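# Structure assessment
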Amino acid sequence: GYTIQGYNGTNRQLAFQIKDQLCAHFDCLNAEVQYKQPNFTVQIGSFLDRLEAYPLYVRIKRFLPQAIIRPTWFPNKPGIFEWVHPVEVVDN
């Protein structure tokens with residue numbers, strides 16, 4: 001899948017400030033801080049493909065110019081994409 005990375009760097013305080021900004025703007029999505037020595041990474045959202053992540057990426061890019069869409073791995077848990085509505089196919 002894909003996620004949107006809002007920050008990647010060594011500044012812990014800045015990472016948590018960016019996480020708080022993302023949570024304030026997009027409270028329905030779970031922003032998280034991950035630490036892999038020596039870097040902190042702030043990520044938001046879990047998307048099946050890059051195109052699905054793009055609308056949120058454009059909105060985040062307005063106040064976090066360093067944001068990027070990046071590939072990621074996440075577990076295939078039941079309900080992880082509950083907010084995704086299935087598309088109805090209509091035969092004509």
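Residues numbered from 1 in each chain as written. Predicted model: local features only at pLDDT ≥ 70, side-chain atom pairs only at ≥ 80, totals over all residues. Heavy atoms only, no water.

### Side note on the overall build of the protein
Our working definition: Each helix is a run of DSSP H or I of at least 4 residues and each strand a run of E of at least 2, with the numbering of both proceeding from the N terminus. Per-residue accessibility, obtained with a 1.4 Å probe over protein chains only, is compared with the maximum for each type, and a residue is labelled buried under 20%, exposed over 50%, and partly exposed between these values. Contacts are assigned to residue pairs with any non-hydrogen atoms lying within 4.5 Å of each other. Per-residue and other accessible areas were derived by the Shrake-Rupley procedure at a 1.4 Å probe size, with only the shown protein chains allowed to occlude residues.
When its secondary structure is counted, the protein shows 2 helices and 4 strands. Along the protein, from the amino end to the carboxyl end, the secondary structure elements read β-α-β-β-α-β. Taking all 92 residues of the protein together, 30% fall into the buried category. Excluding contacts between residues fewer than 6 apart, the proportion of contacts in the protein whose partners are at least 24 apart in sequence is 67%. When the accessible surface of the protein is totalled, it reaches about 6,700 Å², and 52% of it is carbon and sulfur.

### What about helix H2 (residues 50-61)?
Stated formally: The arc refers to the directions leading from the helix axis to the C-beta atoms.
Restricting attention to buried positions, one finds in H2 the residues Ala53, Leu56, Tyr57 and Ile60. Buried residues of H2 fall within an arc of 115° about the axis and therefore sit on the same side. Counted as exposed and oriented over 90 degrees from the buried face of H2: Leu51 and Pro55. Looking at the buried positions of H2, the neighbouring elements they touch are strand S1 (2-9), helix H1 (12-25), strand S3 (39-47) and strand S4 (68-71).

Keep in mind that these numbers describe shape and distance, not what the molecule does.
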